[in-house]
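Breakdown of the fold
Each chain, written out:
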Amino acid sequence: MNVVRRMAQWNELIHPDRIHGSLYTDRSIFEAELQNIWYRTWVYVGHESEVPKANDYVVKSIGPQSVIMTRDEQGKVNLLLNRCSHRGNQVCSYDRGNARSFTCPFHSWTFANDGRLVGYAFPDGYEGQDRAELALGRVTRVESHRGFVFGSFAAEGPTLKEHLGGAAETIDRLVRTSPEGEVEVTAGFLKHRVKANWKFILENECDGYHPAFVHTSIFGVADSMIGKLYGGASTALTRDYGNGHTEIDLRPEFRKRDLPMSWFGTSEERLPDYTARMKAAYGDTAAREIMIDGTPHVMIFPNLFIAEIQMFVIQPLGVDDSVQHVTALQFKGAPDLNRRLRQQTMGSVGPAGFLLADDSEMYERCHRGVLARNPEWVFLGRGEKRERRDELGFKIGHVTDEVPSRGIWAHYRKLMEAA
Amino acid sequence: MLSRESSATLMGAVTAFLNREARLQDEHQYEAWERLWTDDGVYWVPANGANIDPEREMSIIYDNRSRIALRVRQLMTGKHFTQTPQSNLRRLVSNIELMGEQPGGDIAVASNSLIFESSLRDDTLWAARNEYRLRHVDGDLRMAYKKVVLVNNDKAIYTLSFLV
Ligand code: FES
Ligand SMILES: [Fe+2]
C-alpha cells in the first residue's frame, strides 16, 4: 500500500534542515498521519471547565472524528465517540448540553453518558446479546493536566506526563496567572477554516521570523509593543522541548522591562483588583514575578497552542482543509483581567482578527505554493549553526530561528517511522 | 406612529443608505464607509448563533468606534495581506424592513444580504441577516449599530477580512 511504501522514505523526505514539499500536499501522507499521529499519540480534546456540572457534555474532535466529552454522574470525564454502535448514526447532534444519556435518532438505542448501552427499542429481538459489547466507542486513554484533557487511541505508549515532558511546566506556568491557579474555558470558540495543511499552522504558531512582516499592517497602526519582541534585536528565544513541543520564550524581554503586566500591554494600576488578588494568593514577590513573566507561547504537539492570552486547537479535516478553534483564556478569580482578555482576543484572532487573518492567508498561499515541485524542498535552516542548549538541555535559538520547525519535523519523522 | 407618506419617505432614505453602504463596502472605499458611522457606533458579528452575549462570549467582530477606525486603518496600509490583493465583491441587499423607532430616536432597520466574494483562495458565498440602528445626524443618516448574523456563524468559516 502507498502508506507502507512511504515508510521507508521518511528519512528521504525529512532532513534536519529541509523537508520535502509533498509532506504538506500528499493525500496518502495525510492518511498515514491520521493513523500514526492523530489516532495514536496524545491529542488535546477539551478542558474540564467546559463540562463543569454532572451530565454536562460538549462535542469535540480528534482529527475528523467527532468526540463527545461528558462528565458523568460520578464526576468522571469521558471521551466517547459520536457513533452509534448499531448502524453508525451520530448519537449527539448538539454542540453542548446537559444529558444523562444519548438516544440515537435512528432506532432509538440509548447510551448513558459514560458510554454504556442502557437500552434498545423492541428488546425482544436481542435475546442472549451482551450489552457491554455494544457500548459507545471510547477514546482508549484519557488523562488530564491542570484541567486540560488529552486522549489517546493507543492502548499503550507513553503516559501523558511522559509525552508532555518539559512542556508540562509551560501549562503549570500558565495556570499561575490565575489567583486561584486555574484556567477556565468559558467564552465559546471561534472556528476559523483554512484551505491549508494542518502542519503549516503547527509550524507557524512558534515561527518568530514572520511577525515583523506578516503583521506589519497592524503593528504599524496600533501602538502595539508586540513587534519589538520579534525583531532582530530581541532577546526572546525559541525552544524545542522534544516530542514535537515548541515554544517562543518571551520572558527575557519582559524581564528586561521589569514591569508587571507589561506582557499584556497593561499595568498593575489598570488592574487593581487582579493585582491585589495575585498578591494575596502568591505573596508580593512571587506575584510580581508571575506578573512580569506573563503567560507562555507554547505549541503542544500536535494540536494545542497557548498563545499568551488565547488558546487555539488545530483540527485537520483533510490534506488541505483545517480548522483552528480559538478562544480567550479565562483565569479563575480574575474578572477584570478576563474581560480584557476577551476583548483583545476578539480583536486579534478568528476569521476577522487583525492578526490571524493574515496568518491564515500565509498558510493558504504556502499550501498553493508547495504544489509547485521546483524547488522540491522547504528550507528550515535558519539559525541551525547557532543553536545551543539551555540549562535543562533543551535546544534554544534566537526568536527568529527555525529551532521549533526542526524540532517538530524530527519528532514527526520518529512517529511516522514507528508505524 | 409614522404616517404612510413619511414612512414611505423614510423607507426610501433607508434603502438608499443601505445600497450606498453596500457599494462602499464592495468597492473597498474604507474611509467613506467609516464616515457612515456615528461616534458611538458598534459593529457586531456574533459567532455561535444570533443572540450570544458579546460581553461574555467570543464574537467574530465586536468593535466599538475606535476599533472600527483601527480596522479601517489596517486595511488602508495596503499590507493587510488577506486583502492584498483585495477580494472582488458584489452583494445584494434585500428584504429591507423598518422595525420601528428606538427609544433614543434611532431607527431600527433589518435586511438580508448575500455576498459573493472572489479572492485568491476561491469564490465564497456569504449570507447574513443584518440589523441596524440608523440615526439622523445633521440631515444625513448614519449607523449607530450594525449587527451581521452570518447564516453559518456556528460553523468553521473562512477568513472574513472584507467589510461585511
Ligand atoms: S443506528 Fe443508532 S440505533 Fe440504529
Ligand atoms: Fe502570525
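We now turn to the structure provided with this report. As the structure is a computational prediction, the values presented were derived from the model and not from experiment.

Regarding its fold elements, chain A presents 16 helices and 24 strands. Computed over the C-alpha atoms, the radius of gyration of chain A is 22 Å, within 12% of the 22 Å expected from 2.2 N^0.38 for a compact globule of 419 residues. Seen along its three principal axes, the alpha-carbon backbone of chain A occupies a region of about 75 × 55 × 40 Å. For chain A, the residues scored as buried account for 60% of the 419 residues in total. Taking the contacts inside chain A whose residues are at least 6 apart along the sequence as the reference set, 63% of them involve residues at least 24 apart. Within the structure as shown, chain A displays about 16,900 Å² of accessible surface, and the carbon and sulfur contribution to it stands at 51%. For chain A, the distance from the average site of its 51 positive side-chain charges to the average site of its 55 negative ones is 1 Å.

Regarding its fold elements, chain B presents three helices and six strands. Summarising its shape, the C-alpha atoms of chain B cover approximately 50 × 30 × 30 Å along the three principal directions. Looking at chain B alone, contacts between residues at least 24 apart form 56% of all its contacts between residues at least 6 apart.

Moving on, we get to the sheet that holds strand β6 (residues 77-81) of chain A. Residue and element names in this part refer to chain A. Across the sheet, which stays open at both edges, the four strands sit in the order β6-β5-β4-β7 with antiparallel pairing between neighbours. Whereas interior strands pair on both sides, the edge strands pair on one side only; in this sheet they are β6 and β7 (96-98). Averaged over all pairs of adjacent strands, the angle between strand axes in this sheet comes to 30°, irrespective of strand direction. Pairing of strand β5 (residues 65-71) with β6 involves five bridges; the strand directions are antiparallel. When the bridges of β6 are listed, M69 appears paired with L79.

Going from F301 of chain A to P302 of chain A, the amide bond is cis rather than trans, its omega being -5°. With respect to the helices and strands, P302 of chain A occurs in the loop between β17 (297-300) and β18 (304-307). Positive phi outside glycine occurs at H28 of chain B, with the angle close to 60°. The topology assignment puts H28 of chain B in the loop between α1 (4-26) and α2 (30-34).

The subject of this paragraph is the pairing of strand β24 (residues 395-398) of chain A. Residue and element names in this part refer to chain A. As paired strands, strand β15 (residues 237-242) and β24 are joined by four bridges and run antiparallel to one another. Within β24, the residue paired with R239 across the bridge is I396. Across two bridges, the pairing between strand β23 (residues 388-389) and β24 is antiparallel. Considered in β24, the bridge of R388 is made with I396.

With 141 residues, the main nonpolar core has F148 of chain A together with W33, I60 and L150 of chain B as its most contacted residues. One finds I68, V91, F111 and L134 of chain A within the second-largest nonpolar core, a separate group that totals 15 residues.

Turning our eyes to something else, we now look at the environment of A155 of chain A. All names here are of chain A. Examined against the element boundaries, A155 turns out to sit in the loop between β12 (148-152) and α5 (160-164). Residue class for A155 comes out exposed when judged on its relative accessible area of 57%. In this structure, the C-alpha to C-alpha distance between A155 and V139, residues 16 residues apart in sequence, is 9.4 Å. Those residues in contact with A155 that sit more than four places away from it in its chain are T140 and R141.

Now for the sheet that holds strand β11 (residues 141-145) of chain A. Residues and elements named next belong to chain A. Strand order in this open sheet of three strands is β3-β12-β11, and the pairing throughout is antiparallel. Across the chains shown, the open sheet's two edge strands, defined by having one partner strand only, are β3 (43-47) and β11. When the angles between neighbouring strand axes are averaged without regard to direction, this sheet yields 30°. Alignment of β3 against β12, held across four bridges, turns out to be antiparallel. From the neighbouring strand, V43 faces β12, where its bridge partner is G151.

Between chain A and chain B, the residue contacts involve 39 residues of the former and 34 residues of the latter. Across the interface of chain A and chain B, roughly 3,200 Å² is buried in total on both sides, 54% from carbon and sulfur atoms. Note that E364 of chain A is salt-bridged to R121 of chain B, the shortest N-O span being 3.2 Å. In this structure, the connection of chain A to chain B is made through 23 residue pairs in polar contact (both at pLDDT 80 or more). Sorting the residues of the side of chain A that touches chain B by element identifies β14 (190-194), α8 (211-214), α9 (216-221), β20 (321-328), α14 (335-348) and α15 (356-370) of chain A as the ones contributing at least two each. Here the element with the most residues in the side of chain A that touches chain B is α15 of chain A; it accounts for eight residues.

Further remarks concern the packing of aromatic side chains. Residues and elements named next belong to chain A. By the definition in use, this model includes 21 aromatic pairs over all chains. Seen in terms of ring centroids, W10 and Y412 are 6.1 Å apart; in terms of plane orientation they differ by 85°. Their pairing is edge-to-face. Of this pair, W10 sits in helix α2 (residues 10-13) while Y412 sits in helix α16 (residues 403-417), and the two are 402 residues apart along the sequence. Here Y24 and F200 contribute two aromatic rings whose centre-to-centre distance is 3.9 Å and whose plane-to-plane angle is 5°, an arrangement assigned as stacked.

Before going further, it helps to spend a moment on the pattern of salt bridges. All names here are of chain A. For the structure on display, the rule yields 37 salt bridges over all chains. Here D249 ties to R239 by a salt bridge, and the two come within 2.9 Å at their closest N and O atoms. Residue D249 is located in strand β16 (residues 245-249), and its partner R239 is located in strand β15; the two are separated by 10 residues in the primary sequence. R239 carries the same exposure label as D249, and that label is buried. Taken together, the salt bridges that share partners define one network made up of E169, R173, R239, E247, D249, R251 and D390.

Residue and element names in this part refer to chain A. The contact between helix α7 (residues 198-205) and α15 brings their axes to 9 Å, and the two run at 130°. The orientation of α7 with respect to α15, classified from their angle, is oblique. The element α7 and its partner α15 pack so that their crossing is right-handed. The segment α7 lies against α15, with F200, I201, N204 and E205 engaging D359, Y363, C366, H367 and V370. Counted by class, the contact of α7 with α15 contains five nonpolar, two polar and two charged residues.

Turning our attention to the environment of A286 of chain A. When you line up the elements, A286 of chain A lands in helix α13 (residues 284-293). Residue class for A286 of chain A comes out partly exposed when judged on its relative accessible area of 29%.

What counts, and at which threshold
- Residues numbered from 1 in each chain as written.
- Chains lettered and ligands numbered in written order.
- Predicted model: local features only at pLDDT ≥ 70, side-chain atom pairs only at ≥ 80, totals over all residues.
- Heavy atoms only, no water.
- Helix = DSSP H or I, 4+ residues; strand = E, 2+ residues; numbered from the N terminus.
- Rg over C-alpha atoms; globule rule 2.2 N^0.38 Å.
- Buried < 20%, exposed > 50% of the residue type's maximum accessible area, 1.4 Å probe, protein only.
- Contact = heavy atoms within 4.5 Å.
- Areas by Shrake-Rupley, 256 points an atom, 1.4 Å probe, with all protein chains shown as cover.
- Lys, Arg positive; Asp, Glu negative; His and termini not counted.
- Charge placed at Lys NZ, Arg CZ, Asp CG, Glu CD.
- Pairing = 2+ DSSP bridges.
- Axes fitted to C-alpha atoms, helices over the stretch in contact; angles between N-to-C directions.
- Core = buried A, V, L, I, M, F, W, Y, C linked by side-chain atoms within 4.5 Å.
- Buried area = accessible area lost by both parts, 1.4 Å probe.
- Salt bridge = Lys/Arg side-chain N within 4 Å of Asp/Glu carboxyl O.
- Polar contact = N/O pair within 3.5 Å; in protein donor to acceptor, adjacent residues only side chain to side chain.
- Phe/Tyr/Trp six-rings, centres within 6.5 Å; stacked < 30°, edge-to-face > 60°.
- Parallel < 35°, antiparallel > 145°, perpendicular 65-115°, else oblique.
- Left-handed = near helix turned anticlockwise from the far one by under 90°.
- Nonpolar A, V, L, I, M, F, W, Y, C, P; charged D, E, K, R; others polar.

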